[in-house]
Amino acid sequence: MLPAVILQVGFGGTLVSLVAIVLLVIAIVAVWQAVEIVNAYEKRALTVFGEYRKLLEPGINFVPPFVSRTYPFDMRTQTLDVPRQEAITRDNSPVTADAVVYIKVMDAKKAFLEVDDYKRAVSNLAQTTLRAVLGDMELDDTLNKRQEINAKIRRELDEPTDEWGIRVESVEVREVNPSADVQQAMEQQTAAERRRRAMILEAQGERRSAVEQAEGEKQSNIIRAQGEKQSQILEAQGDAISTVLRAKSAESMGERAIIEKGMETLQAIGEGESTTFVLPQELTSLVGRYGKHLTGSDVQADGSVLDSLEFDEETREMLGLDDIERIIGEIDEAAEMDVEQMEQEAQAIKAGADPADIKDPDEVIEEMDATDSADDAGDTDDASDEESVREPETQ
């Protein structure tokens, strides 16, 4: 009887221990299920018996154990890759393109209740929108207007994603490729365009080189012609000086011959019997001057100097010494002016000026000829006046 009671008591204690252990385990699991820890970058939707209750904020949250479930939503900006899509452009050219979409969950409740899987939904919508946008554009626009494609896709995604509590922050088309045949044709076109530009640049370079060479030859010819012209002017001036000097020398020699002839005549008159002679004034003047130069000086008996060895004014005028000095001076001035003018023309040619605007050195010779003609006319008038005033002397 006693062993049976002990056995019953032992069995009862074991059962109590098992129940206690089970209750402890259930309590531990209940506590574990009741505590929900939410990360700082996410929110979680809470359902109890399948009914939506609320959004759990970051931190420690207590929920009903065993009958509740939570669904996490990442609140950070997320990246969705849009697979490569094939499309036909408006000008019937096949192209392929892929893109990347940046989204952010703005309302976790809508993202939980309004759409099954918001990531997959946004990706599928982006694929269809990309094909539609490419099909509405021409091939050249799809290759060149990348920003316009991005903006169109984003506008098309904004309206449906707003209902899902999702905001599309950016859309970037990564690559748009035409078909292989189109790519080959574009490469050939690009190569042809490069060859055309190279030929144009080469032709422009040759033309510029020819222009520069012609311009250089032109300036060289102008400078050479100016030098030859100056040389001819200097040669002509030298000939003119030589001619004037020869003419003055011949005139002087002719005067000497007249004086000698007059001396012979005086000698013949002196040998005659007459004591009264009539001599022209010009002859007496020439004889006086000739005598001075024969003796080398004009000294009176008392030794005082009567006149210098320099030619007097009348003799210089008769021999034309002043004219010779003036002509030589004018020729030297003209030569200096021509040299300066030639230097100015050379500088003007280097500066790109028109040589036709520079004064021609021939004007210098014309001005000299006009001056000589005026001086000769003046000398003739003076000689006529002197002859009209002079009267024969009686000795």
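In this text, all values refer to a predicted model and were calculated from it rather than measured experimentally.

Reading guide: rules and limits
- Residues numbered from 1 in each chain as written.
- Predicted model: local features only at pLDDT ≥ 70, side-chain atom pairs only at ≥ 80, totals over all residues.
- Heavy atoms only, no water.
- Helix = DSSP H or I, 4+ residues; strand = E, 2+ residues; numbered from the N terminus.
- Buried < 20%, exposed > 50% of the residue type's maximum accessible area, 1.4 Å probe, protein only.
- Contact = heavy atoms within 4.5 Å.
- Areas by Shrake-Rupley, 256 points an atom, 1.4 Å probe, with all protein chains shown as cover.
- Patch = residues over 30% accessible without salt bridge, like charges linked within 9 Å, V, L, I, M, F, W, Y side chains within 5 Å.
- Salt bridge = Lys/Arg side-chain N within 4 Å of Asp/Glu carboxyl O.
- Expected span 1.5 Å × (residues − 1).
- Bend = angle between axes of the 7 residues up to and from the residue.
- Pairing = 2+ DSSP bridges.
- Axes fitted to C-alpha atoms, helices over the stretch in contact; angles between N-to-C directions.
- Polar contact = N/O pair within 3.5 Å; in protein donor to acceptor, adjacent residues only side chain to side chain.

With that settled, the discussion passes to the overall build of the chain. Assigned secondary structure in the chain consists of ten helices and twelve strands. Counting the 395 residues in the chain, one finds 24% classified as buried. The contacts in the chain between residues at least 6 apart in sequence include a share of 67% that link residues at least 24 apart. As presented, the chain carries roughly 26500 Å² of accessible surface, and 54% of it is formed by carbon and sulfur atoms.

Here we come to a nonpolar patch on the surface. A cluster of nonpolar side chains, contributed by Leu15, Leu18, Val19, Ile21, Val22, Leu23, Val25, Ile26, Val29 and Phe66, occupies part of the molecular surface with about 900 Å² of accessible area. As for its placement among the helices and strands, Val19 is situated in helix H1 (residues 2-34).

Residue placement: Leu157 occurs in helix H5 (residues 146-163). In the structure, Leu157 is positioned 31 residues away from Ala126 in sequence and 7.0 Å away in space, judged by C-alpha atoms. Residue contacts for Leu157: discarding those within four places in its chain leaves Val101, Leu125, Ala126, Thr129, Val168 and Val171.

Our focus in this paragraph is helix H3 (residues 118-135). Taking 1.5 Å per residue as the helical rise, H3 with its 18 residues ought to reach 26 Å, and the 26 Å between its terminal C-alpha atoms agrees with that figure. If you check which residues of H3 are buried, you get Tyr118, Ala121, Val122, Ser123, Ala126, Gln127, Thr129, Leu130, Val133 and Leu134.

This brings us to H5. For H5, with 18 residues, the first-to-last C-alpha span of 27 Å sits near the 26 Å given by 1.5 Å per residue. Of all the bends in H5, the greatest reaches close to 30° and is centred on Leu157; the proline Pro160 follows between one and four positions later. Turning to H5, its buried residues are Ile149, Asn150, Ile153, Leu157 and Thr161. Downstream of H5 by a residue or two, Gly165 has a phi angle that is positive, lying close to 75°.

The subject of this paragraph is the sheet that holds strand E7 (residues 94-105). The sheet built from three strands is open, its strands ordered E6-E7-E8 with antiparallel pairing. Every other strand in the sheet has two partners, leaving strand E6 (78-88) and strand E8 (166-178) as the edge strands with one partner each. Strand-to-strand twist of the sheet, defined as the mean angle between neighbouring strand axes without regard to direction, takes the value 20°. Against the sheet, H3 touches E6, E7 and E8, its axis set at about 35° to E6. Of the strands in this sheet, E7 and E8 are in contact with H5, which crosses E8 at around 145°.

Another aspect to go through is the environment of Asn61. Its place among the elements puts Asn61 in strand E4 (residues 59-62). Classification of Asn61 as buried rests on a relative accessible area of 15%. Residues Asn61 and Val38, 23 residues apart in the sequence, show an inter-C-alpha distance of 7.5 Å. Residues contacting Asn61, with those up to four places away along its chain left out, are Ala34, Val35, Glu36, Val38 and Leu56. A distance of 2.9 Å separates a polar side-chain atom of Asn61 from the backbone oxygen of Glu57.

By secondary structure assignment, the location of Gln78 is in strand E6. Within polar-contact distance, the side chain of Gln78 engages the side chain of Lys119 at 3.0 Å.

These results come straight from atomic positions and should not be treated as a statement about function.
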